[in-house]
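Okay, here's what each chain looks like letter by letter:
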Amino acid sequence: MNLDTRTYSQLISGEVLAVEVLLEGRPQYFDPDNIDEADDEDTIRYRWALNELELPNDYDPADTLADYLNNVCLEVTWLSTNSSRDDYRKTRAEILRTCGGPRCEIIRDSTDGQIIEINTYDAGQPVDSIRVWAPILAEQLDELASEMGTR
């Protein structure tokens, strides 16, 4: 499968959004055994996220970030540094996510609010970029980068 850069960026941004939904946790009225129930909005979003990441209905959302980073992504680089101007730790996670398409990186920079950036390349040159609002994922990646990263 060879996808164009825009389509691939959209595909990966869908994954990032699905990870964010799963990190919110299982909805209160979600029943993994009842796929015919009339779902509320949260349950519909949760079922979409499971489907987007090809996960079973009984998946434990507590495993989402570890499973995504370890089983789906190819490489993760953690960077962190203390700011000399204030008592603030800057962090960055660079996640290589390429499978059957162009080179794609998922970037989380702690100076970028609650945004995750998806950059797709063609012949080594950046071609497409999508920014996704994902506050839970951003916070968890910042925490991991702070623990794991060095610069």
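Participant: Teacher, can you tell me more about empty space enclosed by the protein here?
Facilitator: In this approach a probe as big as a water molecule rolls over the atoms, and the regions it shows empty are the leftover space. Inspection of the entire model under this criterion finds one cavity of 30 Å³ or more. What the largest cavity holds in volume is close to 50 Å³. Around the largest cavity sit Val16, Val19, Leu65, Tyr68, Leu69, Ile95, Ile106, Leu137 and Leu141, which together line it. Residue composition of the lining of the largest cavity, by class: nine nonpolar, no polar and no charged.

Participant: Sorry, what's going on with the state of the cysteines here?
Facilitator: Among covalent bonds in proteins, the disulfide is the one between the sulfur atoms of two cysteines. If you walk through the whole model with that rule in mind, you get zero disulfides. Free cysteine cysteine 73: the closest other cysteine sulfur is in cysteine 104, separated by 9.4 Å. The exposure class assigned to cysteine 73 is buried, which follows from its relative accessible area of 8%.

Participant: Honestly, the packing of aromatic side chains in this entry has me stumped. Any pointers?
Facilitator: Two aromatic rings are characterised by how far apart their centres lie and by the angle between their planes. In this structure the tally under the stated criterion is one aromatic pair. With 4.7 Å between their ring centres and 70 degrees between their planes, phenylalanine 30 and tyrosine 46 make a pair best called edge-to-face. Placement of phenylalanine 30 in the loop between helix H1 (5–23) and helix H2 (41–52) and of tyrosine 46 in helix H2 is noted, with a sequence separation of 16 residues between them.

The rules we used
Residues numbered from 1 in each chain as written. Predicted model: local features only at pLDDT ≥ 70, side-chain atom pairs only at ≥ 80, totals over all residues. Heavy atoms only, no water. 1 Å grid on protein atoms, 1.4 Å probe; cavity = no way out; pocket = protein on both sides within 12 Å on 5 of 7 lines; lining within 4 Å. Points joined across faces, edges and corners; volume = space filled by probe spheres on them. Nonpolar A, V, L, I, M, F, W, Y, C, P; charged D, E, K, R; others polar. Disulfide = S-S within 2.5 Å. Buried < 20%, exposed > 50% of the residue type's maximum accessible area, 1.4 Å probe, protein only. Phe/Tyr/Trp six-rings, centres within 6.5 Å; stacked < 30°, edge-to-face > 60°. Helix = DSSP H or I, 4+ residues; strand = E, 2+ residues; numbered from the N terminus.

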